[in-house]
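# Structure at a glance
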Amino acid sequence: MRVLIDTKQNAVAELHGFDAIITRNPNDFQSSNLEIITPVDFVARYF
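Figured I'd write up the structure that's included with this text.

Within the secondary structure layout, Ser 31 lies in the loop between strand E1 (20–22) and strand E2 (35–37). With 21 residues separating them along the chain, Ser 31 and Asn 10 place their C-alpha atoms 9.6 Å apart.

Here Leu 15 lies in helix H1 (residues 2–15). For Leu 15, a relative accessible area of 68% corresponds to the exposed category.

Quick look at the packing of aromatic side chains now. Enumeration over the complete set of coordinates arrives at two aromatic pairs. Between Phe 42 and Tyr 46, the ring centres sit 5.1 Å apart and the planes meet at 45°, which makes this aromatic pair tilted. Placement of the pair is Phe 42 and Tyr 46 together in helix H2 (residues 39–46), with a separation of four residues, close to one helical turn. Ring centres of Phe 42 and Phe 47 lie 5.9 Å apart, and the angle between their planes is 65°; this geometry places the pair in the edge-to-face category. Using a relative accessible area of 26% as the deciding quantity, one classes Phe 42 as partly exposed. For Phe 47, a relative accessible area of 74% puts it in the exposed group.

What counts, and where the lines are drawn
- Here, residues in each chain are numbered from 1, in the same order as that chain's written sequence.
- Selection of residues for local features in this predicted model requires a pLDDT of at least 70, selection of side-chain atom pairs for listing and counting requires 80 or more, and totals for whole chains, interfaces and linings are taken over all residues.
- Note that the side-chain values use all heavy atoms of the structure and ignore hydrogens as well as water.
- Each helix is a run of H or I in the DSSP string that is no shorter than four residues. Each strand is a run of E no shorter than two, and both are numbered from the N terminus.
- For each residue, the accessible area found with a 1.4 Å probe, counting protein chains only, is set against the maximum for its type, and the residue is called buried under 20%, exposed over 50%, and partly exposed in between.
- Any pair of Phe, Tyr and Trp rings, taking the six-membered ring for Trp, is counted once the centres come within 6.5 Å. Such a pair is stacked with planes under 30 degrees apart, edge-to-face with planes over 60 apart, and tilted for the rest.

Structure below.
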């Protein structure tokens, strides 16, 4: 079930022009065309 949910999240993000997905488990998005960022990396980069 987790793969299905992650696949839908990725598809919606790509459809709406998102640049990245923030997730605790980047391995779930290995085939994504988007940048995959962990919450820790996001905070370090933008705050």
